[in-house]
Number of protein chains: 2
Amino acid sequence: MNEENFTAALAALFSQRQDVLTGPGDDCAVLDLGLPVLLLAAVDQVISGVHYLPDCPPALSGGKLLRRNVSDIAAMGGVPTHALLSLAVNPLEESWLLQFHKAIAEECEKYGMSVIGGDIAKLFTQGEVLSLSILGTVERDKLCLRSNACEGDWLYATGCFGNSFYSGHHLTFHPRLAEGRFLAGRFTNAMQDVSDGLLKDACRFAASSGLALHLDPDKIPLRRGVSVAHGLTDGEDYELLFAVSPEKADELERSWNFPETGLSRIGQFQKGTPGHVTGLEQVDLSKFNTGYDHFK
Amino acid sequence: MNEENFTAALAALFSQRQDVLTGPGDDCAVLDLGLPVLLLAAVDQVISGVHYLPDCPPALSGGKLLRRNVSDIAAMGGVPTHALLSLAVNPLEESWLLQFHKAIAEECEKYGMSVIGGDIAKLFTQGEVLSLSILGTVERDKLCLRSNACEGDWLYATGCFGNSFYSGHHLTFHPRLAEGRFLAGRFTNAMQDVSDGLLKDACRFAASSGLALHLDPDKIPLRRGVSVAHGLTDGEDYELLFAVSPEKADELERSWNFPETGLSRIGQFQKGTPGHVTGLEQVDLSKFNTGYDHFK
């Protein structure tokens, strides 16, 4: 079974309470607790030797851990509020833990978040497994889901893609929180972030909306020196993909007020096999993993 | 620095939002989002070779992971509602993952909970790091905090203590959810669960309430064949400790309706150095860790 089908099979094991608007499968779960806002919840982890090099300073791994979770909240159109930390590390050193927590605390200040709890345990071998659960909120009319793209919508992307690992972007990126808030409700209610690779995440986006997707490889914004194939598959970009109806596209492009964040129209959602992508016939992807597949 | 002081120093790094009634340091964080009920949130992990033997079937490690988090909700007087899973495992096998998730799903059914999201990644070496974040709710008048014990309150405990590991209790225990709900608001608003050892957790309880504690070692309920010293220090009991005012004690003992769960009056909160324990002068604890200290 491929990763998509297997994780869907796992998710199907869980029955969902009535207060769960969106369960596993989007960037965050969405809970309707009867408040004016909806509650968002997600979890993500980083592991030494997998998500960063083993000698990475704790301030960088901690920052990455928090910001990749903030990126999930951004993709729902929401704001982050609270976090829980779960750390399994070895050696269990006070100096390492202190630097790590200071970095998380600094990032939390920026986003108005509180770390409300955590667990620290010793790992059985040298290394780090760092997990963070994030809570957030989003106004009902701003909620953005992967399943909300419509036939004919343009696919837009923030920023640029590729070479996240060697450029250091994967440790220093800024989650597109302000951009997500600007977009949500006004220009889109269909958004997701790119962590596993532009192509793979765009496929998921289209599949969730029951649509096919035409991508324009010439329009994909690339980090300096990066090929289209790498831009499509490298991953860890932490940019936003979002669907905009053609009637709103001009106003979006006129009013986009984030000079340091690119805005690119890279494709269009179309009727067709859900998740099927066209337009890449001239791109040689034969040597590339078309996404990060944990089960390969 | 000892573990208590160090974790307090880490927690002090984080400023808390106004909606955080209780931050790090209790069994759960408590959020006041403006709902009739308060929101509870906690995270806990289990690690192969640390919290269970490496060849433990996934159904047992999964059950333990969920139930030790449910125990944290029980200790607040609340009910569990939602969970997020974060798994770092190697090998990454479909059959293992399926059994693990099925076990979690079965347990969730029992408690009326939903798993609303998760992350699965490959660990860099053989083994398992399994983390679960739990959400729950509690009525405002039922909320139980470690800091709410009063001078003169009796200390009660559910169940019995000691030898959790070799007896298998640490894998098969039932979190005291029904008992916690029965107690909360009616007989107590001061409760915590015992995971790190009765003595250590009782010390924490008293310290949080700014009180000393007198323990009666003859009254501590012990698992068959267990010495008082082991009962005080073994840990992983997942029982509840709670404070009851003397006026309510008789009614509590008369109305206790959990025939399979013992109820024992084991001590009394007293004026004195916060967290100082008396009454154990005849118990030889010299060869025992008086609690599980991750930093030793």
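Moving on: the overall build of chain A. Per the secondary structure count, chain A includes nine helices and twelve strands. For chain A, the C-alpha radius of gyration of 19 Å lies close to 19 Å, the compact-globule estimate for 296 residues. When the backbone C-alpha atoms are referred to their principal axes, chain A occupies close to 55 × 50 × 45 Å. Buried positions account for 60% of the 296 residues belonging to chain A. Of the contacts formed within chain A by residues at least 6 apart in sequence, a portion of 84% connects residues at least 24 apart. Here chain A has roughly 11,600 Å² of accessible surface; of this, 50% comes from carbon and sulfur atoms.

Quick look at the relation of the copies chain B and chain A now. Under the fitted operation, chain B is carried onto chain A by 0.0 Å of movement along the axis and a turn of 180°, and the coordinates agree to an RMSD of 0.0 Å. Taken together, the rotation and translation relating the two chain copies correspond to the operation of a two-fold axis.

Attention now goes to the sheet that holds strand β10 (residues 239–244) of chain B. All names here are of chain B. Spatially, six strands are ordered β8-β10-β7-β11-β9-β12 in an open sheet, and the strand pairing comes out mixed. Two strands bound the open sheet, and with one partner strand each, they are β8 (191–194) and β12 (277–278). Pairing of strand β7 (residues 154–158) with β10 involves four bridges; the strand directions are antiparallel. Within β10, the residue paired with A157 across the bridge is L241.

Strands in a sheet are paired, the pairing made by backbone hydrogen bonds, and the direction either parallel or antiparallel. Residue and element names in this part refer to chain A. Ordered in space as β1-β2-β3-β6-β4-β5, the six strands form an open sheet in which the pairing is mixed. If you trace the sheet from one side to the other, it starts and ends with β1 (20–22) and β5 (114–122), each paired once. Looking at each pair of strands side by side, their axes are set apart by 20° on average, direction ignored. As judged from the eleven bridges shared by strand β4 (residues 79–90) and strand β6 (residues 127–139), these two strands associate in the antiparallel manner. Bridging from a neighbouring strand, L85 pairs with L132 of β6. Against the sheet, helix α2 (residues 58–74) makes contact with β3 (37–47), β4 and β6, and its axis sits at roughly 145° relative to β3, the strand it touches most.

Here we take up the domain arrangement of chain A. All names here are of chain A. By domain assignment, chain A separates into domain 1 (3–141) and domain 2 (145–278). The straight-line distance from the C-alpha centre of domain 1 to that of domain 2 is 22 Å. Opposite the 29 residues of domain 1 that make contact, domain 2 presents 23 residues. Across the domain 1/domain 2 interface, buried area totals approximately 2,100 Å², and carbon plus sulfur atoms make up 52% of it. For the pair domain 1 and domain 2, the number of links is five salt bridges. Salt-bridge contacts for E236 lead to K64; the nearest nitrogen and oxygen are separated by 2.8 Å. There are 14 residue pairs in polar contact (both at pLDDT 80 or more) connecting domain 1 and domain 2. Counting residues per element, the side of domain 1 that touches domain 2 draws most heavily on α2, at eight residues.

All names here are of chain A. In terms of burial, strand β10 (residues 239–244) is a largely internal element, six of the six residues being buried. Residues E239, L241 and A243 of β10 are buried on one face, and the alternating residues L240, F242 and V244, pointing to the opposite face, are buried as well. Pairing of strand β8 (residues 191–194) with β10 involves four bridges; the strand directions are antiparallel. When the bridges of β10 are listed, V194 appears paired with E239.

Residue-level contacts link 67 residues of chain B with 67 residues of chain A. Carbon and sulfur atoms supply 68% of the area that chain B and chain A bury against each other, a total of about 5,400 Å² over both sides. Taken together, the links from chain B to chain A amount to zero salt bridges. There are 22 residue pairs in polar contact (both at pLDDT 80 or more) connecting chain B and chain A.

Let us now look at the pattern of salt bridges. Residue and element names in this part refer to chain A. In the structure shown here, the tally under the stated rule is 34 salt bridges over all chains. Across the pair D196 and R204 runs a salt bridge, and its minimum N-O distance is 2.9 Å. With a relative accessible area of 17%, D196 lands in the buried category. Judged by relative accessible area, R204 falls into the buried class, the value being 15%.

This paragraph deals with the side chain of E107(A). Counting through the fold element by element, E107(A) comes out in helix α3 (residues 94–111). Judged by relative accessible area, which is 10%, E107(A) ranks as buried.

Residues and elements named next belong to chain B. Note: strand β9 (residues 212–215) against strand β11 (residues 263–270), four bridges, orientation antiparallel. Looking at β11, one finds that A212 is bridged to Q270. Strand direction decides the pairing type here: β9 and β12, joined by two bridges, are parallel. If you follow H214 over to β12, its bridge partner there is T278.

Let us now look at the packing of aromatic side chains. Residue and element names in this part refer to chain A. Taken as a whole and assessed by the stated rule, the structure comprises 18 aromatic pairs over all chains. Ring centres 4.0 Å apart and planes at 15° place the aromatic pair F173 and Y238 in the stacked group. Within this pair, whereas F173 is found in the loop between α5 (169–172) and α6 (177–183), its partner Y238 is found in the loop between α8 (228–233) and β10, the two being separated by 65 residues in sequence. Side by side, F173 and Y238 carry an identical accessibility label, which is buried. Each member of the aromatic cluster is reached from another via a ring pair, and the members are F182, F187, W256 and F258. Its guanidinium or amino end placed over the ring of F173, R67 lies 5.1 Å from that ring's centre, counting from NZ or CZ.

Parameters at a glance
- Residues numbered from 1 in each chain as written.
- Chains lettered and ligands numbered in written order.
- Predicted model: local features only at pLDDT ≥ 70, side-chain atom pairs only at ≥ 80, totals over all residues.
- Heavy atoms only, no water.
- Helix = DSSP H or I, 4+ residues; strand = E, 2+ residues; numbered from the N terminus.
- Rg over C-alpha atoms; globule rule 2.2 N^0.38 Å.
- Buried < 20%, exposed > 50% of the residue type's maximum accessible area, 1.4 Å probe, protein only.
- Contact = heavy atoms within 4.5 Å.
- Areas by Shrake-Rupley, 256 points an atom, 1.4 Å probe, with all protein chains shown as cover.
- Least-squares fit on C-alpha atoms with pLDDT ≥ 70 in both.
- Pairing = 2+ DSSP bridges.
- Axes fitted to C-alpha atoms, helices over the stretch in contact; angles between N-to-C directions.
- Domains from an automatic or database assignment.
- Buried area = accessible area lost by both parts, 1.4 Å probe.
- Salt bridge = Lys/Arg side-chain N within 4 Å of Asp/Glu carboxyl O.
- Polar contact = N/O pair within 3.5 Å; in protein donor to acceptor, adjacent residues only side chain to side chain.
- Phe/Tyr/Trp six-rings, centres within 6.5 Å; stacked < 30°, edge-to-face > 60°.
- Lys NZ or Arg CZ within 6 Å of the ring centre and 35° of its normal.

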